[in-house]
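Tertiary structure, described
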Amino acid sequence: MEWVREMVEKLNNAQHGEAGQIMRFYSNLTGKSVATLYRIAHQHGYIKQRKKRSDKGILKSGVSEYQLHYISTLLQTTARQVKGVIMTVEKALEIAIDNGIFQPGQISVSRLQDLLRERGLNKEALDAASPSINMRSEHPNQVHIFDASICIQYYLKKGKGLAILDERDFREKKPQNFAKIKHRLIRMVLVDHFSGALFVKYYLAAGESSAITYDFLCTAWRGLGLEKFPFRGVPKFLLMDAGSANIAKSILAMLKALEIEIPKNMPHNPRRQGAAEVAQNIVERCFECTLHLEPAYEISELNEWVQDWLVAFNGTKVFTRHKMTRIQCWLQIQPDQLRELPSQKVMQELFAYPLVERTVQQDNSISFKSDFYSLKHVPGIRPKLKVHVRRRPYLKSEIAVIFEEKEYLVQPVEILPGGFRADAALIGQEYKSQPENATQKARKINENLAFGEDRKKGDLPFGGTLIVHGHQADKVKAIPIPKIGSPLELKHEMVSQQISITEFFKKLKAAIGPIKPDLNKALRAEFGTSIEVSTAEEVIAAISAGESWRKPIDLDRQAL
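Residues numbered from 1 in each chain as written. Predicted model: local features only at pLDDT ≥ 70, side-chain atom pairs only at ≥ 80, totals over all residues. Heavy atoms only, no water.

Observations regarding the pairing of strand 5 (residues 198–205)
With seven of eight residues buried, strand 5 lies mostly within the body of the structure. The sheet contact formed by strand 4 (residues 184–192) and strand 5 spans eight bridges and is antiparallel. Each bridged residue has a counterpart across the sheet, and for Arg187 the counterpart in strand 5 is Tyr202. Between strand 4 and strand 5, which follow one another and run antiparallel, lie five residues, and Gly196 among them has a positive phi close to 80°. (Buried < 20%, exposed > 50% of the residue type's maximum accessible area, 1.4 Å probe, protein only. Helix = DSSP H or I, 4+ residues; strand = E, 2+ residues; numbered from the N terminus. Pairing = 2+ DSSP bridges.)

Points about the packing of aromatic side chains
Tallied over the entire structure, the rule returns 15 aromatic pairs. On the numbers, 6.2 Å between centres and 50° between planes, the contact of Tyr66 with Tyr70 is tilted. Highlighted residues: Tyr66 and Tyr70, both in helix 4 (residues 65–77), separated by four residues, approximately one helical turn. On the numbers, 6.4 Å between centres and 20° between planes, the contact of Phe199 with Phe229 is stacked. Of this pair, Phe199 sits in strand 5 while Phe229 sits in the loop between helix 9 (210–222) and strand 6 (237–239), and the two are 30 residues apart along the sequence. (Phe/Tyr/Trp six-rings, centres within 6.5 Å; stacked < 30°, edge-to-face > 60°.)

Let's talk about the packing of helix 5 (residues 89–98) against helix 6 (residues 109–118)
Running from amino to carboxyl end, helix 5 crosses helix 6 at an angle of 105°, the nearest separation of the two axes being 10 Å. In terms of orientation, helix 5 and helix 6 fall into the roughly perpendicular class. Between helix 5, through Val89, Glu90 and Leu93, and helix 6, the contact on the second element is made entirely by Val109, Leu112, Gln113 and Leu116. For the contact of helix 5 with helix 6, a count of residues per class yields five nonpolar, one polar and one charged. (Axes fitted to C-alpha atoms, helices over the stretch in contact; angles between N-to-C directions. Parallel < 35°, antiparallel > 145°, perpendicular 65-115°, else oblique. Contact = heavy atoms within 4.5 Å. Nonpolar A, V, L, I, M, F, W, Y, C, P; charged D, E, K, R; others polar.)

Concerning the pairing of strand 8 (residues 365–368)
Both faces of the sheet carry side chains from a regular strand, because those side chains alternate between them. Here strand 8 pairs with strand 9 (residues 371–374) via four bridges, running antiparallel. For Ser365, the partnering residue across the bridge sits in strand 9 and is Ser374. In this antiparallel pair of consecutive strands, strand 8 and strand 9, the connection spans two residues, and Lys369 shows a positive phi of 55°.

What follows is the structure, given as structure tokens:
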């Protein structure tokens, strides 16, 4: 109805005091009461604008919302991480008065406590845990939760079996007593999130380590091989805390090789591993509570007993969520959801050598486990570079190659009869070339810069325009000689100036032109590698005049 839209528009734009006049106009127009018109207006988008109170934000006690939040902020920011709020409201009010937030005598401590409690700003509200969310999984073995705990209640006492720690002696105020126990019992627990199936194993050690984590996960995922307890298999996701043993590089590399993802966790959020915490409590209350009645004397004996208990607990106790036993629920797993753990040899390799270094060969390939893998598709790859290889057990022969912090999945090259690689060019029928790498592209750029697009045989780099020789000595400044040496006096007949035969030929060529081969040969036979300057001048003059250049033989001197 058009008149309704007009009425609502006018009401929404009306100034203070105009709404009544508008409603009386439409009451006369439609014959409807003002109350009915207001109801119609609200149904079609009218929002009544109330005048803001001048004392908004001020309580009847004269305390503003800001002041209450200021006190609550002091309580929150001075709280301890575990114990929570420790500051008293009285101390917070004192600080607020000292900083001009409250006026002296404005409110009493008891009244301030009441106001904080009414608005959820007091100690109890601030210490309360933040709301949690429910988490679900889709099938067995999709998500496993792993947790380790040091059993502070029990330890193996030599010759006396499982001893129970006296809480009066082993507590925070007496840490020296803990130092007396060299090896504690470490309880490792794994839970399948979907079925709730538990797996437990004990270790006797000084503390957690990556070796213990590796052994436990492999034991749990390989299973006990018992007909009554078939639980086994590798999950898709693993939830665990950020303990030093869990985040060791060897453990993370092993999990990555097994295609296991570790969802990111908020810091200090143990509730994400809530199922593991519950499992720890179950083990303590349902298994460990009876150990003081029949103590174990060896760690192997303790693990035998806990395996026996696991079979009974998982196979008989009904889980409240799915109303089945844990094993009955786990047996709903489908074949494609059950990923068996690789062999022990493969697991040992994944743990000990998570990454293997390989050198790229001349054909841009690498060898790994007797197979060849072509890396020609990897950007920036070239011969002699180093790459790292990670095994992927669930990807069959496919491997992961890590180069410049990026990971590439690579398939092996097929080997044909005769031992030839399938990617090799067939002689006489094919011609294959490797894709250009960065170095080859750089060489082409350099080639074009030096010789241009059309290079010809014999071309000099940069068109022969470079000045390289003949000016190097100009770079050296003159070096003054501090003292003048004494000249060496020689008799005239002892001084003989020589020039090389090459220099002689240059002078001869300048005088007569090209030198015939016979003359060249005769001159070299006569004078060897050098010739006196005076003799050279005489020979050049004789040859230029067409006379004999050989000196006449002095017969009288020869006779002597």
